[in-house]
Amino acid sequence: QIVPADSLVRPGEKINFRARLFDERGRFLKEVPADFTVEGPGAIGADGVYVAADTSAHQAGVVHGKVGSLTGTARIRVVPDLPWVFDFNDEAVPITWVGARYRHQARNLDGDQTMVKVSTIPKGARSRAWMGHPDMHDYTVEADVRGDVKDNKMPDIGLIAQRYTLDLMGAYQKLQIRSWVPVMRMAKSVEFPWRPDVWYRMKFSVTTEEQDGHIRALLRGKVWPRDQEEPAAWTIEAVDESPNLNGSPGLYGNAKDAELYLDNIRVFPNDS
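A few points on the structure.

Reading the values: the criteria
- Residues numbered from 1 in each chain as written.
- Predicted model: local features only at pLDDT ≥ 70, side-chain atom pairs only at ≥ 80, totals over all residues.
- Heavy atoms only, no water.
- Helix = DSSP H or I, 4+ residues; strand = E, 2+ residues; numbered from the N terminus.
- Polar contact = N/O pair within 3.5 Å; in protein donor to acceptor, adjacent residues only side chain to side chain.
- Contact = heavy atoms within 4.5 Å.
- Pairing = 2+ DSSP bridges.

### Quick word on the side chain of Ser179
Consideration 1: Along the chain, Ser179 falls in the loop between strand S18 (174-178) and strand S19 (187-191).
Consideration 2: At 3.0 Å, the side chain of Ser179 forms a polar contact with the backbone nitrogen of Arg185.
Consideration 3: In this view, Ser179 contacts Arg163, Tyr164, Met184, Arg185 and Met186; residues no more than four positions away in its chain are not counted.

Right, here's the structure in full:
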């Protein structure tokens, strides 16, 4: 066994990998030296110290450890600091995203490479995917989105920031900001009619601020047709007096009734 088994690091960060031996009944025996190699970005020394590549790309690698005839592996995701841009021209779904590749596919739509969340998934048509580090905060997520229609039903398309979701709801024709479900500790909705087969741009910003000695989160979202200028006003705003202080950027989608498309995803600090 190579530990840690899964690691999420930033460029240039170090990880100390170790090899552990077990008997045939799965009982731990001891830690031992191993011959380490890395498949992918970064470098690893004979002492098991891995150094992530100093890169602005989102990358993944596998560490292999060998002790005699025994082998083990560990996985690494290297995710840089903001800003990020994903246009899906080079790959459908970045390998560093969690919970995304199984549910999303590359598809050329009107001559443009996009990412589609398919409706033919046995389980997971309604799900979330995560892009980065859980300690991230005070940033904005933006994406071009489009929903299909099937049997007069439309999907839900959402952006996740700091453990909040901005959800463009197809069945209810609403735009909603909420905390995690199923508890849904806080939520706010506004009426927002939108049409299938039309590209929209979604923008979701979360800012943590202090007011009168109290920390709160300011949540702001807007949606507008992609071929139009961005409106100055936010479509929906909410305040959480018991805020989530950090959380990974991500995506939410419910493609149970119809497929949904995403393109030109950007994540950037609020002060940029």
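### Regarding the sheet that holds strand S3 (residues 14-16)
Consideration 1: Strand order in the open sheet formed by three strands is S3-S8-S7, with antiparallel pairing between adjacent strands. Because the sheet does not close on itself, it has two edges, and the strands there are S3 and strand S7 (43-44).
Consideration 2: Taken together, the three bridges between S3 and strand S8 (residues 49-51) define a ladder with antiparallel strand orientation. Paired with Lys14 across the strands is Val51, a residue of S8.

### Considering the environment of Lys150
Consideration 1: Here Lys150 is to be found in the loop between strand S15 (139-147) and strand S16 (156-161).
Consideration 2: Separated by 43 residues in the primary sequence, Lys150 and Pro193 place their C-alpha atoms 17 Å from one another.
Consideration 3: In this structure, Lys150 is in contact with Asp257 and Ala258, ignoring residues within four places of it in sequence.

By themselves, these are just geometric observations and shouldn't be taken as functional.
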